[in-house]
Amino acid sequence: MSEITAESVPEFPILRTCPFSVPETYRELEGTGGRIHRVRMSDGRPAWLVTKHDDARAVLSDARFSSEKLRPGFPELSPGGLK
């Protein structure tokens, strides 16, 4: 298994090669021992990936995080997502 380093931050979204298997990149991330991981959006911007259920619930219920698409810096999976 390869180690994920700052120089090899995975690109998000992480594509599946099989609809029935977890992508190897997720297994590698889990192997690092962390629960929140830095990823790179397809346009090169940095983002954070939360991989554990309890952590995701905490983020989604925290008012410091926003789902407002018009807020500056809102992550888009593809350029022009607001058009």
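Here's a quick rundown of the structure.

Reading the values: the criteria
- Residues numbered from 1 in each chain as written.
- Predicted model: local features only at pLDDT ≥ 70, side-chain atom pairs only at ≥ 80, totals over all residues.
- Heavy atoms only, no water.
- Helix = DSSP H or I, 4+ residues; strand = E, 2+ residues; numbered from the N terminus.
- Buried < 20%, exposed > 50% of the residue type's maximum accessible area, 1.4 Å probe, protein only.
- Contact = heavy atoms within 4.5 Å.
- Areas by Shrake-Rupley, 256 points an atom, 1.4 Å probe, with all protein chains shown as cover.
- Pairing = 2+ DSSP bridges.
- Core = buried A, V, L, I, M, F, W, Y, C linked by side-chain atoms within 4.5 Å.

The next point concerns the overall build of the protein chain. Summing up its helical and strand segments, the protein chain has 2 helices and 3 strands in all. Listed N to C, the secondary structure of the protein chain is β-α-β-β-α in terms of helices and strands. Taken across its 83 residues, the protein chain has 17% of its residues classed as buried. Within the protein chain, contacts between residues at least 6 apart in sequence are counted, and of these 38% link residues at least 24 apart. Total accessible area computed for the protein chain in this model is approximately 6,700 Å², and 55% of it derives from carbon and sulfur atoms.

The next point concerns unusual backbone geometry. Residue Pro-13 follows Phe-12 across a cis peptide bond; omega there is 10 degrees. With respect to the secondary-structure elements, Pro-13 resides in the loop between strand 1 (11-12) and helix 1 (24-31).

The next point concerns the sheet that holds strand 3 (residues 46-50). If you trace the 3 strands from one edge of the open sheet to the other, you get 1-2-3, paired in mixed fashion. Two strands in the sheet have a free side with no partner beyond their single neighbour: strand 1 and strand 3. Looking at chain direction, strand 1 and strand 2 (residues 36-41) are connected through 2 bridges and run parallel. Bridge pairing links Phe-12 to Met-41 in strand 2.

For soluble globular proteins, the rule of thumb is that nonpolar side chains tend to be buried together. Core analysis: the biggest nonpolar cluster contains 6 residues, these being Ile-14, Leu-29, Val-39, Met-41, Ala-47 and Leu-49. Looking at this core, the elements that each hand over two or more residues are strand 2 and strand 3.

Turning to the environment of Met-41, a few remarks are in order. With respect to the element layout, Met-41 can be found in strand 2. Overall, Met-41 belongs to the buried group, its relative accessible area being 5%. Counting along the chain gives 29 residues from Met-41 to Phe-12, while the straight-line C-alpha distance between them is 5.0 Å.

A word on the environment of Phe-74. For Phe-74, the position within the fold is in the segment after helix 2 (53-60). Classification of Phe-74 by relative accessible area gives partly exposed; the value is 21%. For Phe-74 and Ala-47, which are 27 residues apart along the polypeptide, the C-alpha to C-alpha distance reads 9.9 Å. Not counting residues within four places of it along the chain, the set of residues in contact with Phe-74 comprises Arg-45, Ser-66, Ser-67, Glu-68 and Lys-69.

Everything listed here is a matter of geometry and, on its own, says nothing about what the molecule does.
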